[in-house]
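Working through the structure, step by step
Each chain, letter by letter, is given below.
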Amino acid sequence: MGRRLILDTNILIAYERNTIDRAALDDDDLAVAAVTIAEYRVGIELADTAARAADRSRALAAITSVVEVLDYTDTTAAHHARLIGHVRRVGTPRGAHDLIIAAHAAETGRTILSRDAKARFADLPSVIAAEA
């Protein structure tokens, strides 16, 4: 078994666009936050053509068939609140969805895999991040 990863939305987009080495993730234990699925579904809703929406829907179905989708639980909420408190205390605002993804990572001990350097996941307490 490889790494225990939680995938950021941009990794799902990279999968859809075939701009990520999919085989590099084959041995990893993969998960996504439910909010990541919601973010990806926005792209389906906003697709410029029906064909593009269908392609994205197929990609999402392929992803969710092999990736665990993590629900937001009371434990996730506790980690989320701690992270919100942290970023407010230190004055480094973050995206609301990014903090939910980070809360899932802290809760499950997974490493966040992301291409979003602006999210600065690794700067958050109890969160490990890697760039793809």
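Going by the structure above, here's the rest.
Computed from a predicted structure; not experimentally measured.

**Some remarks on the packing of helix α1 (residues 9-17) against helix α2 (residues 34-45)**
One way to put it is that α1 packs onto α2 with a least axis distance of 9 Å and a crossing angle of 50 degrees. If you check the angle between α1 and α2, you find them oblique. At the point where α1 passes α2, the crossing takes the right-handed sense. Along its contact with α1, which presents Thr9, Leu12, Ile13 and Glu16, the element α2 presents Thr36, Glu39 and Tyr40. Residue composition of the contact of α1 with α2, by class: 3 nonpolar, 2 polar and 2 charged.

**Focus on unusual backbone geometry**
Even without glycine at this site, Arg120 takes up a positive phi of about 50 degrees. Looking at where Arg120 falls in the secondary structure, it is placed in the loop between β4 (111-114) and β5 (128-131). Overall, the relative accessible area of 33% leaves Arg120 in the partly exposed class. Not every positive phi belongs to a glycine, and Ser126 is a case in point at roughly 65 degrees. By secondary structure assignment, the location of Ser126 is in the loop between β4 and β5.

**Regarding the environment of Ile112**
Mapping Ile112 onto the fold places it in strand β4. In sequence terms Ile112 and Val127 are 15 residues apart; their C-alpha atoms lie 7.8 Å from each other. Residues in contact with Ile112, not counting those within four places in the same chain, are Ile6, Ile101, Ala102, Ala105, Phe121, Val127, Ile128, Ala129 and Ala130.

**Remarks on the side chain of Thr76**
Considering the arrangement of structural elements, one finds Thr76 in helix α4 (residues 74-90). Side-chain polar atoms of Thr76 contact the side chain of Glu107, separated by 2.5 Å. Each residue touching Thr76, except ones within four places of it in the same chain, is listed here: Asp71, Ala103, His104 and Glu107.

What counts and how
Residues numbered from 1 in each chain as written. Predicted model: local features only at pLDDT ≥ 70, side-chain atom pairs only at ≥ 80, totals over all residues. Heavy atoms only, no water. Axes fitted to C-alpha atoms, helices over the stretch in contact; angles between N-to-C directions. Helix = DSSP H or I, 4+ residues; strand = E, 2+ residues; numbered from the N terminus. Parallel < 35°, antiparallel > 145°, perpendicular 65-115°, else oblique. Left-handed = near helix turned anticlockwise from the far one by under 90°. Contact = heavy atoms within 4.5 Å. Nonpolar A, V, L, I, M, F, W, Y, C, P; charged D, E, K, R; others polar. Buried < 20%, exposed > 50% of the residue type's maximum accessible area, 1.4 Å probe, protein only. Polar contact = N/O pair within 3.5 Å; in protein donor to acceptor, adjacent residues only side chain to side chain.

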